[in-house]
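Letter by letter, the chains look like this.
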Amino acid sequence: MSDVKSARPLSPHISIYKFRPTMAMSILHRITGGALYVGTLLLVWWLVAAASGPAAFATASAFFGSIIGQLILFGYTWALLHHMFGGLRHFVWDTGRAISKTTSTTLANATIIGSLAATVLLWLGILIFG
Amino acid sequence: MSDFRTPLRRVRGMGAAGGTEHFWRQRLTAVANVFLITFFVILLLSLMNESYDGVRAAFANPFVGIAMALVVISATIHMQLGMQVILEDYVHGAAKMPLLILNTFFAIVVAAACLFAIVKMSFGA
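Going along each chain's sequence as written, the residues are numbered from 1 onward. The order in which chains are written sets their letters, starting at A; the order in which ligands are written sets their numbers, starting at 1. Whole-chain, interface and lining totals are the exception, using all residues; otherwise, since this is a predicted model, local features are given only for residues with pLDDT of at least 70 and side-chain atom pairs are given and counted only at 80 or more.

(A) Spatial organisation of the overall build of chain B. Strands here are runs of E lasting at least two residues and helices are runs of H or I lasting at least four, both read from the DSSP assignment and numbered beginning at the N terminus. Counting its secondary structure elements, chain B contains 5 helices and 0 strands. Reading chain B from its N terminus to its C terminus gives the helix and strand order α-α-α-α-α. The atom set for the radius of gyration is the C-alpha atoms, and the globule formula is 2.2 Å times the number of residues raised to the power 0.38. For chain B, whose C-alpha radius of gyration is 20 Å, the value lies well above the compact-globule estimate of 14 Å for 125 residues. Projecting the C-alpha coordinates of chain B onto the three principal axes gives extents of approximately 70 × 25 × 20 Å. Buried means a residue has 20 or more other C-beta atoms within 10 Å of its own C-beta, exposed means 12 or fewer, and partly exposed covers the counts in between; C-beta atoms are placed from the backbone. Counting the 125 residues in chain B, one finds 19% classified as buried. Taking contacts inside chain B between residues at least 6 apart in sequence as the whole, the part at least 24 apart equals 74%. What counts as a contact is two residues whose backbone-derived C-beta atoms lie within 7 Å of each other.

So this is what it looks like as structure tokens:
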């Protein structure tokens, strides 16, 4: 790739590093972001259907109420919460705090545990009170 | 040809320089999204068991219309910025520019469709 011939050190390939929680959260932040990106099409569908009339709205409602629809919404809820918790973590880092090895690992673990717990709690609430 | 260029000239424009505005908008929309998406989720929960008429009545409320428009604007700007970073990191060569263009188009189409629906429902047509 580079035609520079020198003894200057180059970045080693990432595979030489042991996989850490912070790395997992880094890539999960991107994956959830990408999922939310594509998932906005569902929001378009729902809003345009509601604006179009009862028939279109009934079709959309039937899909979101189906098993597959509910599974997608469950996954979307997790992606949303995980991306939000990851974003809050970035706000903390932006102030220059919580960047030490141990604290950042603790925060990474808290992000995944928090997002999973919040998603399950929210959907338990929907199942019980919905 | 590259032999005639200095190493500095070859790397200019390849890095993160000039990305301050991008970074700032990403954070600005992120802060907005924390509040707006929370509102959006609560709205969805409250409309979960509503009929078509109930949903239309909710969207006829000016507060819901304005807040949902803000949700769409902030979220689509944020996702356009985020996907741009992903593309710039992973896609190189001929595919990069078309995908960056598609990314922007996608975000604008999503925003336009959502805003049209919200405005239509707000004005009760």
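(B) Main features of the packing of helix H1 (residues 21–52) of chain A against helix H4 (residues 101–129) of chain A. Residues and elements named next belong to chain A. Whenever a helix is involved, its axis is fitted only over the stretch in contact; in every case the axis is a line through C-alpha atoms, and angles between N-to-C directions fall within 0 to 180 degrees. Two numbers describe how H1 lies on H4: the axes approach to 8 Å, and their chain directions differ by 50 degrees. Considering their axes alone, H1 and H4 lie oblique with respect to each other. Crossing handedness for the pair H1 and H4: left-handed. From H1, Pro21, Thr22 and Met25 reach across to H4, where they touch Ser104, Thr105, Ala108, Asn109, Thr111 and Ile112. Should an angle fall under 35 degrees it is called roughly parallel, over 145 degrees roughly antiparallel, and 65 to 115 degrees roughly perpendicular, with every other angle called oblique. By definition, turning the near helix anticlockwise from the far helix through less than a right angle yields a left-handed crossing, and turning it clockwise yields a right-handed one.

(C) Helix H4 (residues 62–90) of chain B, seen in detail. With 29 residues, H4 of chain B extends 42 Å between its outermost C-alpha atoms, agreeing within 8% with the 42 Å of an ideal straight helix rising 1.5 Å per residue. The set of residues buried in H4 of chain B consists of Met68, Val71, Val72, Ser74, Ala75, Thr76, His78, Met79, Gln80, Gly82 and Met83 of chain B. Tucked into the core, H4 of chain B has its buried residues touching H1 of chain A together with helix H2 (20–47) and helix H5 (96–122) of chain B. An expected span of 1.5 Å times one less than the residue number is assigned to each helix.

(D) Focus on the nonpolar core. Counting residues in each nonpolar core, the largest one holds 30 residues, and the members touching the most others are Leu47 and Ala50 of chain A together with Val72, Cys114, Ala117 and Ile118 of chain B. Those elements giving two or more residues to this core turn out to be H1 and helix H3 (67–94) of chain A together with H2, H4 and H5 of chain B. What makes a nonpolar core is a set of buried Ala, Val, Leu, Ile, Met, Phe, Trp, Tyr and Cys residues, with links drawn between C-beta atoms within 7 Å.

(E) Expanded view of the interface of chain A and chain B. In this assembly, 20 residues from chain A lie in contact with 22 residues from chain B. For the side of chain A that touches chain B, the secondary-structure elements that each account for two or more residues are H1, helix H2 (54–65) and H3 of chain A. Here the side of chain A that touches chain B gets 12 residues from one element, more than from any other, and that element is H1 of chain A. Amino acid classes used here: Ala, Val, Leu, Ile, Met, Phe, Trp, Tyr, Cys and Pro are nonpolar; Asp, Glu, Lys and Arg are charged; the rest, including Gly, are polar. Residues that form the side of chain A that touches chain B fall into these classes: 13 nonpolar, 5 polar and 2 charged.

(F) Molecular detail of the UniProt feature "binding site: heme" (unreviewed entry) in chain A. Residue and element names in this part refer to chain A. In this numbering, the UniProt entry assigns the feature "binding site: heme" (unreviewed entry) to His83. By the element assignment, His83 lies in helix H3. The contacts of His83, once residues within four sequence positions are left out, are His29, Thr32, Gly33 and Leu36. UniProt positions are given in the numbering used here, feature names are shortened, and annotations may be inferred rather than shown by experiment.

(G) Broad picture of the UniProt feature "transmembrane region" (unreviewed entry) in chain B. Residue and element names in this part refer to chain B. What UniProt calls "transmembrane region" (unreviewed entry) maps, in this numbering, to residues 28–47, 59–79 and 99–119. Counting secondary structure, residues 59–79 comes out at 95% helix and 0% strand; the distance between its end C-alpha atoms is 24 Å. As a span, residues 99–119 carries 100% helix and 0% strand, and end to end its C-alpha atoms are 30 Å apart.

(H) Unusual backbone geometry, seen in detail. Residues and elements named next belong to chain A. One non-glycine residue, Ala98, lies in positive phi territory at about 60 degrees. Its place among the elements puts Ala98 in the loop between H3 and H4. On the basis of neighbour count, Ala98 is assigned to the partly exposed category, with 13 C-beta atoms found within 10 Å.

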